[in-house]
Amino acid sequence: MLAVTTLESTPQDTIAPAELLASQSVEWLVCVANDRDRHAFEKLYVHFAPKVKSYLQRQGADPATADDLAQETMSQVWRKARQYEASRAAPGAWIFRIARNLRIDRLRRQRFHEVDLTETAEIADDGMDSHTRSTDRIDASRLPAMVRELPAEQLEVIQLAYFEGMTQSEIGKRLNLPLGTVKSRMRLAFGKLRAAIGEQS
């Protein structure tokens with residue numbers, strides 16, 4: 001992986017007009033894609049990495065996680081530069097989409113790993129923190145296949161909770177359902193997952 005400095009020690013480029021900067025960003029990406037040009041990548045990194053970190057913090061990531069994801073984003077830019085198509089998106093939009101997807105993937109892995117299957121979690125306080133109380137965890141590699149076997153209404157609430165990171169209250173508002181109904185569907189879903197894990201253990 002291309003070595004880069006931390007965001008805190010990265011110097012800032014002189015601010016350029018938006019149009020010129022967009023054009024330069026395209027040129028830098030093309031140089032990285034075609035020639036693996038490290039100087040061009042450094043220009044991209046200096047400009048976009050701090051912006052990506054700020055964006056991730058606004059989305060709720062703590063500073064350390066935002067820094068880690070920002071650097072992972074720029075590493076993806078280095079590796080995937082050939083996939084960029086200027087006709088479809090501006091460089092910034094493409095890079096921020098990578099950052100957003102990485103953050104969603106990180107949240108998804110964390111929540112799959114930390115799903116609590118105890119009955120206590122289903123009647124506990126609203127919010128995702130209630131799902132970290134038990135030592136009974138699901139193997140993250142098996143959970144997606146199990147989840148897909150759930151009834152549609154139960155699958156919907158599980159997807160919103162663990163794929164989009166929504167709380168039970170937020171799910172209720174999204175689906176126009178009472179909070180009790182959301183909790184009931186999650187409780188039923190977890191019951192089916194517990195049974196599936198018992199069958200596979």
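Shown above is the structure to which this text applies.
Here's what I pulled together on the structure shown here. (Residues numbered from 1 in each chain as written. Predicted model: local features only at pLDDT ≥ 70, side-chain atom pairs only at ≥ 80, totals over all residues. Heavy atoms only, no water.)

## Considerations on the overall build of the protein chain
Then comes step 1: For the protein chain, the count of helices and strands is nine helices and zero strands.
Then comes step 2: Listing the helices and strands of the protein chain from first to last along the sequence gives α-α-α-α-α-α-α-α-α.
Then comes step 3: Evaluated residue by residue, the protein chain yields a buried proportion of 42% over its 201 residues.
Then comes step 4: The contacts of the protein chain with a sequence gap of at least 6 include a subset with a gap of at least 24, amounting to 64%.
Then comes step 5: Split by element, the accessible area of the protein chain, about 11,200 Å² in all, is 50% carbon and sulfur. (Helix = DSSP H or I, 4+ residues; strand = E, 2+ residues; numbered from the N terminus. Buried < 20%, exposed > 50% of the residue type's maximum accessible area, 1.4 Å probe, protein only. Contact = heavy atoms within 4.5 Å. Areas by Shrake-Rupley, 256 points an atom, 1.4 Å probe, with all protein chains shown as cover.)

## Considering the environment of Gln168
Then comes step 1: If you trace the backbone, Gln168 turns up in helix H8 (residues 168–175).
Then comes step 2: In the structure, Gln168 is positioned eleven residues away from Leu179 in sequence and 6.7 Å away in space, judged by C-alpha atoms.

## Quick notes on the packing of aromatic side chains
Given two aromatic rings, their pairing is described by the distance between the two centres and the angle made by the two planes.
Then comes step 1: Under the defined criterion, the tally for this structure stands at four aromatic pairs.
Then comes step 2: One aromatic cluster in this structure is built from Phe41, Tyr45 and Trp78. (Phe/Tyr/Trp six-rings, centres within 6.5 Å; stacked < 30°, edge-to-face > 60°.)

These results come straight from atomic positions and should not be treated as a statement about function.
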